[in-house]
Amino acid sequence: MLGYLRRNVSLLVGVVLLTILVLFMVVGAFVVDTANAQPLSAPALQAPSWAYPFGTDRQGRDLLAVMVAGTPLTLRIGFIAGFIGVGVGAVLAFTAAFYRGMVDAVIRGIADVGLTVPGLLVLIIIAVSLKGSLTVNQMAIVVASLAWLNPTRTIRAQVLTLRERGYVEIARLNGMSGPEIIFRELMPNLLPYLAATLVSSVSAAILASVGLAVLGLGPVEAPTLGMTLYWVNFNAAIINGWWWWWTAPLVVIVMVFLGLFFLTVGLDEVANPRLRRTA
Amino acid sequence: MRVAYVGRRCVVFLVIVWLAATLNFFLPKLSGQDPVRTKLLEQASLGGYVQGGIEDMVKVYQKQFGLDKPLWRQYLTYLSNVSRGDFNYSIANYPRTVAGMIAEAAPWTIGLLGTTTLFSFVLGTVLGALLAWPGAPAWMRWLMPPLWALHAIPFFLLGLILMYLLAFQFQLLPIFGGYSAGAHPALTFGFVLDVFRHAILPALSIILVSIGGWALAMRGMMVTTMGEDYVTFAEAKGLRSATIFTRYCMRNAILPQTTGLALALGQILSGAVLVEVIFGYPGIGSLLFQAIEENDFFLIQGIVFTVIVALGFTTFLLDVVYPLLDPRISYRRT
Amino acid sequence: MAQQTMRPGTGRRVLIQGGIAAAAAVMLPPGIGASEAEAAEIARNRTLVLIGINSRDGRWVDHGLWNPYAIGANHQNGPNLMYEPLAYYSAFADKMYMWLAESFQYTPDFKQLTIKTRPGITWSDGQPFSAEDVAYTFNTLRDLGPKVKWGIDVHQALDHAAVTDPNTVVLTFKIPSPRFFFFAAYKYDIGIYMVPKHIYQGQDWASFPHFDIAKGWPVTTGPWKVTESSLQQKVFERRDSWWAAEHKLAPMPQVLRNIWLPMVGEQETAQAQITNQSDFGGPLQPATFPTVIRQNPKITTYSGQQPPWGYVDWWPISLYVNTEVKPFDEPDVRWALSHYVDRQQIIQVAYLGAETISTLPMPPYKPLLPYFAAVKDLLAKYNTIEFNPKKGDALLAAKGFKKKGAMWEGPDGKPFTIDIIGFGAAGSAMGPVLSAMLKRHGVAASMSLPPDFDERFQKGEFVGSIYGHGGSIREPYDTLRLYQGKSIAVPGAHLVNFSRWHNPEYDKIVDEVYITDPHNVAKLKDLFRAAMEIWLPALPDIQLVQNYHRLPYNLTNWKNYPTDHNSYINSASWHLTFNLVLWNLQPVQT
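Residues numbered from 1 in each chain as written. Chains lettered and ligands numbered in written order. Predicted model: local features only at pLDDT ≥ 70, side-chain atom pairs only at ≥ 80, totals over all residues.

Participant: Could you clarify how one ought to interpret the overall build of chain B in this entry?
Facilitator: Secondary structure assignment for chain B yields twelve helices and zero strands. Counting helices and strands in the order they occur from the N terminus, chain B gives α-α-α-α-α-α-α-α-α-α-α-α. Looking at chain B residue by residue over its 334 residues, the buried ones come to 56%. A separation of at least 24 residues holds for 71% of the contacts in chain B among residues at least 6 apart in sequence. (Helix = DSSP H or I, 4+ residues; strand = E, 2+ residues; numbered from the N terminus. Buried ≥ 20, exposed ≤ 12 C-beta atoms within 10 Å, placed from the backbone. Contact = placed C-beta atoms within 7 Å.)

As structure tokens, this is what we get:
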């Protein structure tokens, strides 16, 4: 296993990045008091020091505590929405692409209509109509409500191409049933593509949640990465030279995305051995 | 057969437009807010003086906008107006018309987003294809992580950082707006240059962020395509690797990518909301944001409907063109 | 380097962008403005570039509306410069500047008001201004009522306005209206815009745009003409002649051109100041001023280059609780909350020290100081700003609340919670701090910034709310009236009553204040004290801090802005009195 990881550098980097994040969250949860992610927990606007390794923000939140508490919250939004999105999307896409006809027309119609409405608009309207403050889980559901549209559409298109392949024709001629063909013939061929779709769905969901938060529609009191960026923007932290305030969430977000990215690249190589010779 | 196919797609397009328009009508209503009251109260709050009698004003204007009618009457009026291209007045900016406000904002967005989208699509697709191709130069592999890292940064945050560096620290470019204070819109070289300079930063933040996404999707498709038997066969035949790359792999991998482009337009508009807001760019995105903030039903509906028609039409075109790109999908009903 | 490899691509995009820019330029709406040559004549150092508010998304959507009564228009976005009032009032100088009106006189019962207008005033199209215009403006507002801004206020009070000679108009009221002239004068955001009868007659006020540069619209009596108005900027240029300069009431403004840019965000506004792209405003947060001043020493503020970086606006900010919701119907519960609020800490954390505390819901302006003095002993007894958690604990315990662990439980055994809503800068700056503070003292507070704040607040769909409001600036009526539940003196009056607090005794006193001459300070002081004797023990809203306007002034091109040493007016560019600032500005460069 280790030997394989050494050959598959991308997978290694992805696993390492995500492991660091998980370790950060897990160890952090034990070492750091996440109550300090609330305002008035620390002196305001401290640059990083031994006492506050990530510094503090203007309202006296300890940014280390904010990151320890906020990273899992943000990932939770991303993964809930991403998995719902790809799961629902894949089921719909396979059904549509395989059975065609009315089923396809309906599923495709719904996805098409849904996609023509700019997503953020719908998210904002949903966020607005849920009166009161949005909780992190509500936020995830709000984001998930649209996250299945894109996977449905793209996976369907992909299945359509595969469907015309010889091996599918042969399987059909051999009397395999629809679901059998889907799971035994189509699914394995689509795995890298599904993985890529999942990565982009998770990242899209995280970005959507950050976008909503920055517009001021996020959970105001939850220390998510999105809300941290809202405060960064609200306080013009960038030009005021409080670099530590935006560096921490930025680094975490970039690590999440890079980790997921290298993971897919690595998984591609697993799924498609032909690529190994150059890896 | 072709005529029937195109006719059928035409009907689908019309159904999509109708469905979307209907959704569009009811979604904002779901929030259960009263745009007229919100507008008047907001003005009153801004003025610091909450005037008596707001409720009376609210009633007068609800009547004027037809918001006191039953929902189904409003819906029918909406459909008939929309089919005539009449989006009514903006509630929050009465007596400005929605159509007028959209017409004013559209050129900015089409200019900015159209260009940046096409540019990042083409560049990202080519990059993604090269990344999957074993014959690509080795340094290309190092290009991808930074691009994907950039893709991970929200548009607006990259925008703010670029703004801080390029517009503020080095003062190379203007900070915000569509053109400079005091410049008079006229078709002169100076003005066009001014508009162009203002577009660089928002364009750069969109391009740098989106390239990674396109490249990743294309790369994923290429990996799948390259596992195909016909590619192995082509290799076995001893075809030139460049030929295999462009003719066999790219041509097949680009299909879902193209579908992605048509669909991305809707998402890009969502992303543009933030970019335009950050840079104070006077396009559709910031107009939409503002309409949402002001709860301006008619303006929201007008913008969304315009977008729906544009995107629906693109999808329709794509449906017609798709069989040309992929001969395996025929115009015949299968 | 990645940047170098990007360069060829950038170049190509540059070309494409250029084409699009040209296309965009061509497609801009026609009628936008003067020619390039004309525009070039005014130097930058005779131009005042300012960043206006109400345009956070970086656009002036109302650029086609120059009739401030049009429902989508807002005087804060430029019309405040154009339309002149009967009089200006500066609360900082406590001075009334008679303007289009030369004098006014009430009958002793305040049922009639005679206004003399100044002779020799002309509209910008050359037509004479007269009492006819004043009567027309008032009578139309009365007729339109709820259809336009200020219509309801005029409709409630005014029976009719009649012209007795070209310079005299007599207003007859339905009810005694001792504050009507003051109401019509410009101060802060309140005042009646006088419009030209010969243009407005026959138009629908609610939808008439009054904008056409070719025709010279908007037609006003002021010193400015609009030469461009677009999404991106509103440009005013000085007219060659102005009646007030001829009458020696004001100097001809030295500002030859005034450009209003829309506001984008904190960072963009700060950068525009630092790079001298803007001469004035818009509002910045306290923490941003040191950064801006360090990078551009020419930037100063109303309070100089030191905190609080501005002046006290007329909007003290309170924590409102909905007194119709249990347990907040109990005055002692409201007092307990007040004792849990460490206002000094709010100021330190939310405003970095650049703030002051508000003891009563009105600003400490000079004309109001006697009223503060009148209740000094009451305030000592009912200390609205006392931070004393022990007192708060005792009050709650006496009402049957119990501590369970660190948190309070109500007499019904349920946790003591308060959901606070807020909006805008104050909500964001203070909200999370306030909520964290209450939690520390055992109140399960939560904070949100709902997008439909205004509606929820007005309809009473809230428990707690951080809100500020305009009220009194010269005498106590306007603030007192904010807490009135019912009025007999003003029939059909719609009362705001944010905290939904009701007290018939209090209502009676406020009605008496209404019919009292606003200059009768002695009587008003007695009435104010009587009202506060009811108000203070009840504490309908919990006092927090003053609202500050923190506007950067750039001294590169202009000087003589209002400051605390030269406090002739408040400097908000969106207020109706901003013209007073424009007349006083002096160019720095010769």
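Participant: Is there a simple way to think about the overall build of chain A in this case?
Facilitator: When helices and strands are counted, chain A shows eleven helices and zero strands. Along chain A, helices and strands appear, N-terminal first, in the series α-α-α-α-α-α-α-α-α-α-α. Here chain A, with 279 residues, has 59% of them falling under the buried criterion. By sequence separation, contacts in chain A at least 24 residues apart represent 69% of the contacts at least 6 residues apart.

Participant: How should I be thinking about the sheet that holds strand S5 (residues 112–117) of chain C in this particular structure?
Facilitator: For sheets, the rule is that strands pair by backbone hydrogen bonds, running either parallel or antiparallel. All names here are of chain C. The antiparallel open sheet is built from four strands, whose spatial order is S4-S5-S7-S6. The two strands at the open ends of the sheet, each matched to only one other strand, are strand S4 (101–106) and strand S6 (158–165). On average, each strand axis in the sheet is tilted by 20° relative to the strand beside it, whichever way the strands run. Helix-sheet contacts for helix H4 (residues 131–144) involve S5, S6 and strand S7 (168–173), and the interaxial angle to S6 is about 165°. (Pairing = 2+ DSSP bridges. Axes fitted to C-alpha atoms, helices over the stretch in contact; angles between N-to-C directions.)

Participant: Explain the pairing of strand S20 (residues 541–545) of chain C to me, please; I cannot follow it from the model alone.
Facilitator: Side chains on a regular strand alternate between the two faces of the sheet. All names here are of chain C. With five of its five residues buried, S20 lies for the most part within the structure. The pairing of strand S14 (residues 317–321) with S20 spans four bridges and is classified as antiparallel. Bridge pairing in S20 places Tyr320 opposite Asp541.

Participant: Can you help me understand the packing of helix H11 (residues 331–340) of chain C against helix H15 (residues 389–398) of chain C in this one?
Facilitator: Each pair of packed helices gets described by two things: the angle between the helix axes and the distance between those axes. Residue and element names in this part refer to chain C. Contact pair H11 / H15: the axes reach a minimum separation of 7 Å and the direction vectors enclose 160°. By the criterion of interaxial angle, the relationship of H11 to H15 is roughly antiparallel. The two elements H11 and H15 cross, and the hand of that crossing is left-handed. Between H11 and H15, the contacting residues are Asp332, Val333, Trp335, Ala336, His339 and Tyr340 on the first element and Pro389, Lys391, Gly392, Leu395, Leu396 and Ala398 on the second. Looking at the contact of H11 with H15 residue by residue, the classes come out as eight nonpolar, two polar and two charged. (Parallel < 35°, antiparallel > 145°, perpendicular 65-115°, else oblique. Left-handed = near helix turned anticlockwise from the far one by under 90°. Nonpolar A, V, L, I, M, F, W, Y, C, P; charged D, E, K, R; others polar.)

Participant: Would you mind showing me how to read the nonpolar core here?
Facilitator: The biggest cluster of nonpolar side chains holds 362 residues, and the ones touching the most others in it are Val143(A), Met222(B), Ile303(B) and Leu434(C). Not counting chain neighbours up to four residues away, the residues in contact with Leu434(C) comprise Leu319(C), Val341(C), Ile346(C), Ile420(C) and Ile466(C). (Core = buried A, V, L, I, M, F, W, Y, C linked by C-beta atoms within 7 Å.)

Participant: Hey, could you run me through the sheet that holds strand S19 (residues 464–468) of chain C in this one?
Facilitator: Residues and elements named next belong to chain C. The five strands lie next to each other as S18-S17-S19-S14-S20, forming an open sheet whose pairing is mixed. The outermost strands of the open sheet, each flanked by one partner alone, are strand S18 (444–448) and S20. Across the sheet, the axes of successive neighbouring strands diverge by a mean angle of 25°, strand direction being ignored. Pairing geometry for S14 and S19, over five bridges, is antiparallel. The partner of Ser318 across the bridge, within S19, is Tyr467.

Participant: Which parts of the structure should I look at to understand the environment of Val252(A)?
Facilitator: Within the element layout of this structure, Val252(A) appears in helix H11 (residues 243–271). With 27 residues separating them along the chain, Val252(A) and Leu225(A) place their C-alpha atoms 8.4 Å apart.

Participant: Help me out: how do you make sense of H15(C) in this one?
Facilitator: Owing to its 3.6 residues per turn, the α-helix brings residues three or four apart onto one side. Residue and element names in this part refer to chain C. Residues of H15 that are buried include every one of Gly392, Leu395 and Leu396, and no others. Buried residues of H15, viewed axially, fall in a sector of 95°; they line one side. Residues of H15 that are exposed and angled more than 90 degrees away from the buried face: Lys390 and Ala398. The inward-facing, buried residues of H15 abut H11 and strand S16 (407–409). Gly400, located one to two residues past H15, shows a positive phi value of around 90°. (Arc of directions from axis to C-beta.)

Participant: Can you help me understand the pairing of S6(C) in this one?
Facilitator: By the bridge criterion, six bridges tie S6(C) to S7(C) in an arrangement that is antiparallel. Bridging from a neighbouring strand, Val163(C) pairs with Val169(C) of S7(C).

Participant: Explain the packing of helix H12 (residues 343–351) of chain C against helix H16 (residues 424–440) of chain C to me, please; I cannot follow it from the model alone.
Facilitator: Residue and element names in this part refer to chain C. Orientation of H12 relative to H16, taken along the N-to-C sense of each, is 135°, at an axis distance of 9 Å. The orientation of H12 with respect to H16, classified from their angle, is oblique. For the pair H12 and H16, the sense of crossing is right-handed. From H12, Gln345, Ile346, Val349, Ala350 and Tyr351 reach across to H16, where they touch Ala429, Met430, Val433, Leu434 and Met437. Taken together, the residues of the contact of H12 with H16 sort by class into nine nonpolar, one polar and no charged.

Participant: I would appreciate a short explanation of unusual backbone geometry in the present structure.
Facilitator: What you tend to see is this: most non-glycine residues have negative phi, and most peptide bonds are trans. For the peptide bond that leads from Gly281(C) to Gly282(C), omega is -10°, which places it in the cis range. With respect to the helices and strands, Gly282(C) occurs in the loop between strand S11 (280–281) and helix H10 (288–295). The amide bond that connects Pro307(C) to the next residue, Pro308(C), takes the cis arrangement and shows omega of 5°. In this model, Ala236(A) sits at a positive phi of 50°, which is unusual for a non-glycine residue. Tracing the sequence through the fold places Ala236(A) in the loop between helix H10 (225–234) and H11.

Participant: Sorry if this is basic, but what is going on with the environment of Ala167(B) here?
Facilitator: Along the chain, Ala167(B) turns up in helix H7 (residues 155–169). Among all residues touching Ala167(B), those that are not within four sequence positions of it are Leu173(B), Pro174(B), Ile175(B), Leu201(B) and Gln271(C).

Participant: Is there a simple way to think about H10(C) in this case?
Facilitator: Residues and elements named next belong to chain C. Of all the positions in H10, only Thr288, Phe289 and Val292 are classed as buried. Summarising the axial view, the buried residues of H10 lie within an arc of 95°, below the 170-degree limit, and thus occupy one face. Packed against the buried residues of H10 are helix H9 (266–274) and strand S12 (299–300).

Participant: Please clarify how the confidence of the model for chain B should be interpreted in this entry.
Facilitator: In regions of low pLDDT, the predicted coordinates are not meant to be interpreted in detail. Residue and element names in this part refer to chain B. When pLDDT is averaged along chain B, the result is 76, and 84% of the positions lie at 70 or above. The lowest-confidence element of chain B is helix H2 (residues 35–47), averaging 64 in pLDDT; the highest-confidence one is helix H5 (residues 98–132), averaging 86. The complex prediction reports pTM at 0.81, with the ipTM value standing at 0.77. (pLDDT = per-residue confidence, 0-100.)

Participant: Mind showing me how you'd approach the environment of Met222(B) here?
Facilitator: Residues and elements named next belong to chain B. Structurally, the position occupied by Met222 is in helix H8 (residues 189–226). Its 26 C-beta neighbours within 10 Å are what place Met222 among the buried residues. C-alpha separation for the pair Met222 and Leu288, spaced 66 residues apart in sequence, amounts to 37 Å. When near neighbours in sequence (up to four residues on either side) are disregarded, Met222 contacts Gly128, Ala129, Ala132, Trp133, Cys249 and Ala253.

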